[in-house]
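Read off the chains here:
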Amino acid sequence: MDVRPHVDGLRAGELRVSRCGACGLPAFPPPRVCPRCGRRDAAEWFTASGRGTVWSAAVFHRNYLPEHPAPYPVAVVELAEGPRLVTTLTGLPTADLADVPIGQAVTAEIDAHHEPPRVVFRPDPEGAAR
Ligand SMILES: [Zn+2]
C-alpha cells in the first residue's frame, strides 16, 4: 500500500484519497486488490472536498505515542466522496465523545506541525448530526 500521494497532497495543502480506477469503488488506503471488481493495483488518486461525517468514534485511554497523550478521540470519518479514514478529531469541547454523535458533520484540517503531516477533523458548527 503506497500512501505517498496522500502525504504529498497534505504537504501541498490538499486531502488526496483513492478509489478504484476500474470500477470507482472508494477505498482509502488503497487495497492491493479491489474488493468489488478484483482489479490489482488500480488505485487512482483525487482531491476530496474535506467534508465528511463521523461514521464511528471511540476514546483511546492508552498512551501509544508521547505526542498523543490519553485520553484522545479516534474516529472513522466517511468523506462526502465515499472513502472512510481512520483519523482523530480536534476542537472538541471535551474528550467525551458523547459530544460527537455518529453522523456529526466534520471538516478536514491539515496538521502541518505533525511529521509527516496528517489530516484531522473538526466538528462543523453549522452541521448538526445527519
Ligand atoms: Zn474496482
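Thresholds, definitions, all that
Every residue gets a number counted from 1 within its own chain, in the order that chain's sequence is written. Where totals are concerned, whole chains, interfaces and linings use all residues; where local detail is concerned, this predicted model gives features only for residues with pLDDT of at least 70, and gives and counts side-chain atom pairs only at 80 or more. For the side-chain quantities, the full set of heavy atoms in the structure was used; hydrogens and water were omitted. By this definition, two strands are paired if DSSP reports at least two bridges between them. Only DSSP runs of H or I reaching four residues or more are called helices, and only runs of E reaching two or more are called strands; each is numbered from the N terminus. For every element, the axis is a line fit to its C-alpha atoms; helices are fit only across the contacting stretch, and the angle between N-to-C directions ranges from 0 to 180 degrees. For Na, K and Ca the donor cutoff is 3.2 Å, while for all other metals N, O and S atoms must lie within 2.8 Å; water is not among the atoms, so some sites may look incomplete. By the criteria applied here, four donors are tetrahedral when all angles lie between 85 and 135 degrees, four are square planar and six octahedral when opposite donors are over 155 degrees apart and every other angle lies between 65 and 115, and any other arrangement is irregular. Classification of residues uses two cut-offs on accessible area relative to the type maximum, computed with a 1.4 Å probe and protein chains only: under 20% is buried, over 50% is exposed, and between them is partly exposed. Like charges are joined within 9 Å and nonpolar side chains (Val, Leu, Ile, Met, Phe, Trp, Tyr) within 5 Å, but only among residues with over 30% relative accessible area and no salt bridge; these make up the patches. The Shrake-Rupley method, run with a 1.4 Å probe sphere, supplies the accessible areas, and residue values consider only the shown protein chains as cover. By definition here, a salt bridge exists when the distance from a side-chain nitrogen of Lys or Arg to a carboxyl oxygen of Asp or Glu is within 4 Å. Either an automatic procedure or a domain database provided the assignment from which the domain bounds are taken. By definition in these notes, contact holds between two residues if any of their heavy atoms fall within 4.5 Å. Buried area: the accessible surface (1.4 Å probe) lost by two parts on joining, summed over both. The arc in question is formed by the directions pointing from the helix axis toward the C-beta atoms.

Participant: Tell me about the sheet that holds strand E3 (residues 51-60), residues and numbers included.
Facilitator: Strand order in the open sheet formed by 5 strands is E5-E4-E3-E6-E7, and the pairing between neighbours is antiparallel. Looking at which strands have only one partner, the edges of the open sheet turn out to be strand E5 (84-88) and strand E7 (118-123). Averaged over all pairs of adjacent strands, the angle between their axes in this sheet comes to 40 degrees, without regard to strand direction. Pairing analysis gives 3 bridges linking E3 to strand E6 (residues 105-111), with the strands arranged antiparallel.

Participant: Any chance you could break down the coordination of the zinc ion for me, citing the residues and the numbers?
Facilitator: Taken together, the protein ligands of the zinc ion are Cys20 (SG), Cys23 (SG), Cys34 (SG) and Cys37 (SG), with distances of 2.3 to 2.4 Å. If you look at the zinc ion, its 4 donor atoms make angles of 105 to 114 degrees with each other, and the shape they trace is tetrahedral. The class for Cys23 is partly exposed, based on a relative accessible area of 29%. Under the relative-accessibility criterion, Cys37 is labelled partly exposed at 39%.

Participant: Lay out a nonpolar patch on the surface in plain terms, naming residues and giving numbers.
Facilitator: Judged by side-chain polarity, Phe60, Tyr64 and Leu65 come together as a nonpolar surface patch covering roughly 310 Å² of accessible area. Tracing the chain through its elements places Tyr64 in the loop between E3 and strand E4 (72-79). Here Tyr64 falls in the exposed class, since its relative accessible area comes to 55%.

Participant: Residues and numbers for the pattern of salt bridges, please.
Facilitator: Charged atoms that come close allow side chains of opposite charge to pair. Taken as a whole, this structure holds 8 salt bridges when the rule is applied. Between Glu14 and Arg16 there is a salt bridge, with its nearest N and O atoms 2.9 Å apart. Residue class for Glu14 comes out partly exposed when judged on its relative accessible area of 29%. In this structure, Glu78 and Arg84 form a salt bridge, with 2.9 Å as the shortest nitrogen-oxygen distance.

Participant: Talk me through the domain arrangement of the protein; I want residue IDs and the actual numbers.
Facilitator: Where interface size is given, it is often the accessible area lost as the parts come together that is meant. Splitting the protein by domain gives domain 1 (1-47) and domain 2 (50-130). Using only C-alpha atoms to locate each centre, domain 1 and domain 2 end up separated by 21 Å. Between domain 1 and domain 2, the residue contacts involve 13 residues of the former and 15 residues of the latter. With both chains or domains summed, domain 1 and domain 2 bury close to 960 Å², and 78% of this area falls on carbon and sulfur atoms. For domain 1, the biggest contributors to the area lost against domain 2 are Leu10, Arg11 and Leu15; these three give 49% of the whole. Where domain 1 touches domain 2, the interface holds 1 salt bridge. Between Glu115 and Arg11 there is a salt bridge, with the nearest N and O atoms lying 3.1 Å from each other.

Participant: Account for helix H1 (residues 4-11), with residues named and values stated.
Facilitator: Along an α-helix, a turn takes 3.6 residues, which lines up residues three or four apart on a common side. Burial in H1 covers these residues: His6, Val7, Gly9 and Leu10. Projected down its long axis, H1 shows its buried positions confined to an angular sector of 155 degrees, all on one face. Turning to H1, the residues buried within the fold contact strand E1 (16-20), strand E2 (43-47), E6 and E7. One or two positions beyond H1, positive phi appears at Gly13, with a value near 85 degrees.

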